[in-house]
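# Topology and contacts: notes
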Amino acid sequence: MKQQNYTTTFIEIKPPKAFVGIDLKEIWQYRDLLYILVWRNVKVRYKQTVVGVAWAIFQPLITMVIFTVFFGRLIKVPTDNIPYAVFVYTGLLYWNYFSTALTSTSDSLVSDESIIKKVYFPRIIVPIATTVTPLVDFLVAFLILFILMVFYRFMPNFWGILLLPVLMLITFMTSSGLGIFLASLNVKYRDVRYILGFFIQLLMYITPVIYSASIIPDRFRWIFYLNPMAGVITLARDSLLHHLSLDWTLLAASFGISFILILIGLFYFRRTERFFADVL
Amino acid sequence: MAKNKIEPIIKIENLGKKYMIGAKERYYSLRDSFTNIFKKKQSKKEFWALKNINLEIKKGEILGIIGTNGSGKSTLLKVISRITPPTTGRVGIKGKVAALLEIGTGFHQELTGRENIFLSAAILGMSRTEITEKFDQIVEFSEISQFLDTPVKRYSSGMYVRLAFSIAAHLDPDILIIDEVLAVGDINFQKKCLGRMSEIGQSDRTVLFVSHNMMAVKSLCGRAIWLDKGKIIMDGKAEEVVDQYIGNIGKNVFHRKWSNTCEAPQNANMIIEGIRLVDCKGETLKYLDIDTAFNVEIEYKIKKDRSHAGFNLMFFNKDNTCLLCNLNNFEKEWYGKPMTTGKYKSICKIPGQFFNNRFFNLSLAFFNKGFSDFVRFDNILKFEFGDGVVVRGDYLGEYDGLLRPKFEWETKKQ
């Protein structure tokens, strides 16, 4: 008989201590569950929308068209000679992932309460699986970016492409860090999700999605870049579109801040985790 | 005793679980929290769902856990299956635990039967290779192979339960924890499940089994514990514990007799000698369930010639709210007619499928002609209804309310 994956030889259940670290080994043991939850989220997402997978293509594309018409053509937002469509789409690519991941992760513990109340597994798997899920949309939207570049006869910077996974990692850490924090908060305070919608909308205006970061006066830049998404989108454009050399300081700062966010999220999560089943 | 030397597979020491209960909601809104800063803190009450539980379970044992609603059974299972942490004490477990606290854990309505097998099995703790290996067996056991690619939202409840149980039945843990999930599905499938359960029992697997179905506990479990208010009040052979429990459930008082005429409830004309809950054959009840009809039988003596005997039965719930009154003024034989001295017996027939599985207090009022000489005796009988199968149908959750009648439903396409 094949040994099962989750076999634990001895478990001791005790009243929880004030703080416990993340048990990475245990999460690794439950990787099949992580995989299946991502798979479920993707399946359900595409089954519930009428147009299915096409939605992942249409949503950023339509946003891009609207923004291009209003901000590119009518308001004429400066983009340093880059076609506005390509410019805004690069920003939207990351922003859409960020806002979708953050919103759904914040809601993840509540929407999966039925399994949290009935089965044991490391609870962190639920928000992580939810943050991973929109990566599928991201990849689809990413392919569209290249089609768009071909359409505009725009030559991207090859080194910029290599930077994309790193930027994705920062985006992932930011949205999962904030998301895990808010998900834990949402277990107790159910109005978090309504406040979040408003918060994300505001956040979009202080993130250079529709405009270029170059319009921000120099002395305010450091405040502006406290938002790791501002760093991510600027870096993506600089390296992929502007053919500029890499701003290592900005990359390190964005990475550092997103790392702090994920630490805060995990810390709060671990502190509240044990009572989820009682409160949900 | 050689058996005592086997190391326990589960060892529970001094286990306790405390909940805070207050006037507050379980979850709040941030808005409330901000406004509450300026309010005085509401006092919270402690409630120990489990207290001082000490228990050793040996490998291969099938342990039944019985007790009334709110006695801590489900909390105990949740602590052992690590869903909620204990407040005091510790539990040591050797081996892999699978908990079946509900039927269809993790099922998603939009997904097909096939997809849900993978999903639910993974959530219940199976690895992907294991699911692939057992997939065909699960499908075969469930008898729904032709609907495998239909979303489960289109399943009938019977099909849903079959699929859900089939997944559960193919888990392969060292310790299986089951909370009242068997009382579902059609009779044949239930039998199949029970068969599968006893197979599990013979395969040296440890099973913790919570059920309101006393027959199932008796036939499946070797040992049983009886929980009451978070404490183990009896631990022993399943049959003995179940018998004790049935005789004692919720401190039921199914019958009362007064031999001493001074203490007996009485008025100037009559004296109550005894009151009992009886089954259709006239035997005093041992167990009351919501499906079965029963009678309230009052035995009394008419002291004065030409008296009248009027009765009123009042059913109260735990909070002392009167649920209903019932007078004997429709009784044809004797009501409203003068009775000669001697012994009489009046019976009130109460249908099955009427009360919900709640605790009730019975008050008896009796009176002479024209409601004169009215005497009321409170808490004359107390009883708790056990859950039943008939009115429950395919719905597995709690039924709210004090009554659970089975009304007729009709649906027609317009």
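Residues numbered from 1 in each chain as written. Chains lettered and ligands numbered in written order. Predicted model: local features only at pLDDT ≥ 70, side-chain atom pairs only at ≥ 80, totals over all residues. Heavy atoms only, no water.

Before going further, it helps to examine the overall build of chain B. Within chain B, the regular secondary structure consists of eight helices and 17 strands. Counting only residues that meet the buried cut, chain B has 49% of its 414 residues in that class. Sequence-distant contacts, at least 24 apart, represent 71% of the contacts inside chain B between residues at least 6 apart. For chain B, the accessible surface area stands at approximately 21100 Å², while carbon and sulfur atoms represent 51% of it. (Helix = DSSP H or I, 4+ residues; strand = E, 2+ residues; numbered from the N terminus. Buried < 20%, exposed > 50% of the residue type's maximum accessible area, 1.4 Å probe, protein only. Contact = heavy atoms within 4.5 Å. Areas by Shrake-Rupley, 256 points an atom, 1.4 Å probe, with all protein chains shown as cover.)

A few words on unusual backbone geometry. Positive phi is not limited to glycine here, since Arg82(B) has a value of about 65 degrees. Within the secondary structure, Arg82(B) is located in the loop between helix 2 (73-80) and strand 4 (88-94).

This paragraph deals with the domain arrangement of chain B. All names here are of chain B. Domain annotation for chain B reports domain 1 (10-248) and domain 2 (255-384). Tallying the contact residues gives four residues for domain 1 and four residues for domain 2. Between domain 1 and domain 2 the total buried area reaches about 370 Å² when both faces are included, carbon and sulfur atoms providing 43% of it. Remark: the boundary between domain 1 and domain 2 carries zero salt bridges. Between domain 1 and domain 2 we count zero residue pairs in polar contact (both at pLDDT 80 or more) in total. By residue class, the composition of the side of domain 1 that touches domain 2 is one nonpolar, three polar and no charged. (Domains from an automatic or database assignment. Buried area = accessible area lost by both parts, 1.4 Å probe. Salt bridge = Lys/Arg side-chain N within 4 Å of Asp/Glu carboxyl O. Polar contact = N/O pair within 3.5 Å; in protein donor to acceptor, adjacent residues only side chain to side chain. Nonpolar A, V, L, I, M, F, W, Y, C, P; charged D, E, K, R; others polar.)

Before going further, it helps to examine the packing of helix 2 (residues 31-48) of chain A against helix 3 (residues 113-123) of chain B. Two elements in contact, helix 2 of chain A and helix 3 of chain B, have axes whose closest approach is 9 Å; the angle formed by their N-to-C orientations is 145 degrees. Considering how the two elements wind past one another, helix 2 of chain A and helix 3 of chain B form a crossing that is left-handed. Contact residues: Leu33(A), Ile36(A), Leu37(A), Trp39(A), Arg40(A), Lys43(A) and Lys47(A) in helix 2 of chain A; Glu115(B), Phe118(B), Leu119(B), Ala122(B) and Ile123(B) in helix 3 of chain B. For the contact of helix 2 of chain A with helix 3 of chain B, the residue count by class is eight nonpolar, no polar and four charged. (Axes fitted to C-alpha atoms, helices over the stretch in contact; angles between N-to-C directions. Left-handed = near helix turned anticlockwise from the far one by under 90°.)

Let's shift gears to the sheet that holds strand 12 (residues 294-302) of chain B. Residues and elements named next belong to chain B. With antiparallel pairing, four strands are arranged side by side in an open sheet as 10-11-12-15. Each edge of the open sheet carries a strand with a single partner, namely strand 10 (255-257) and strand 15 (342-350). Strand-to-strand twist of the sheet, defined as the mean angle between neighbouring strand axes without regard to direction, takes the value 20 degrees. The pairing of strand 12 with strand 15 spans nine bridges and is antiparallel. Directly across from Asn 295, in strand 15, lies its bridge partner Lys 349. (Pairing = 2+ DSSP bridges.)

Here we take up the sheet that holds strand 9 (residues 231-237) of chain B. All names here are of chain B. Strand order in this open sheet of six strands is 5-6-7-3-8-9, and the pairing throughout is mixed. Only two strands of the sheet have a single neighbouring strand rather than two, namely strand 5 (97-100) and strand 9. Direction aside, the axes of adjacent strands within the sheet are offset by 15 degrees on average. Note that strand 3 (residues 62-66) and strand 8 (residues 223-228) share four bridges and pair parallel. Bridge pairing in strand 8 links Leu 63 to Arg 223. Against the sheet, helix 2 engages strand 3, strand 6 (175-179), strand 7 (206-210) and strand 8, with an angle of about 150 degrees to strand 6.

Residues and elements named next belong to chain A. One way to put it is that helix 8 (residues 158-188) packs onto helix 11 (residues 228-240) with a least axis distance of 10 Å and a crossing angle of 170 degrees. With respect to each other, helix 8 and helix 11 are oriented roughly antiparallel. When helix 8 is examined against helix 11, the residues Gly 160, Ile 161, Leu 163, Leu 167, Ile 170, Thr 171 and Thr 174 are found in contact with a partner set consisting of Pro 228, Met 229, Val 232, Leu 235, Ala 236, Ser 239 and Leu 240. Tallied by class, the residues present in the contact of helix 8 with helix 11 amount to ten nonpolar, four polar and no charged. (Parallel < 35°, antiparallel > 145°, perpendicular 65-115°, else oblique.)

Further remarks concern helix 7 (residues 135-151) of chain A. Residues and elements named next belong to chain A. Taking 1.5 Å per residue as the helical rise, helix 7 with its 17 residues ought to reach 24 Å, and the 24 Å between its terminal C-alpha atoms agrees with that figure. All of the buried residues along helix 7 are Asp 137, Phe 138, Ala 141, Phe 142, Ile 144, Leu 145, Leu 148 and Met 149. For helix 7, the buried positions fall inside an angular range of 165 degrees around the axis, keeping them on one side. Of the exposed residues in helix 7, the ones pointing more than 90 degrees away from its buried face are Leu 139, Leu 143, Ile 147 and Val 150. Looking at the buried side of helix 7, the elements it contacts are helix 2, helix 3 (54-74), helix 4 (84-111), helix 8 and helix 11. One or two positions beyond helix 7, positive phi appears at Arg 153, with a value near 50 degrees. (Expected span 1.5 Å × (residues − 1). Arc of directions from axis to C-beta.)

Quick look at the nonpolar core now. In summary, soluble globular proteins display a tendency toward joint burial of nonpolar side chains. Membership of the largest hydrophobic core comes to 80 residues, with the highest contact counts inside it found for Leu33(A), Leu37(A), Phe121(A), Ile117(B) and Phe209(B). Membership of the second largest hydrophobic core comes to 58 residues, among which are Met64(A), Tyr84(A), Met168(A) and Ala213(A). (Core = buried A, V, L, I, M, F, W, Y, C linked by side-chain atoms within 4.5 Å.)

A word on the pattern of salt bridges. A full pass over the atoms with the stated rule returns 28 salt bridges over all chains. Arg205(B) is paired through a salt bridge with Asp172(B); the nearest N and O atoms lie 2.6 Å apart. Linking Arg205(B) in the loop between helix 6 (187-202) and strand 7 with Asp172(B) in the loop between helix 5 (157-169) and strand 6, this pair joins segments that are 33 residues apart in sequence. Between Glu299(B) and Lys257(B) there is a salt bridge, with the nearest N and O atoms lying 4.0 Å from each other. Taken together, the residues span a long stretch of sequence, with Glu299(B) in strand 12 and Lys257(B) in strand 10 at a distance of 42 residues. The class for Glu299(B) is partly exposed, based on a relative accessible area of 24%. A residue is classified by how much of its surface remains accessible, and Lys257(B), at 68% relative accessible area, is exposed. Salt bridges sharing partners connect three or more residues here, namely Glu12(A), Glu13(B) and Arg90(B).

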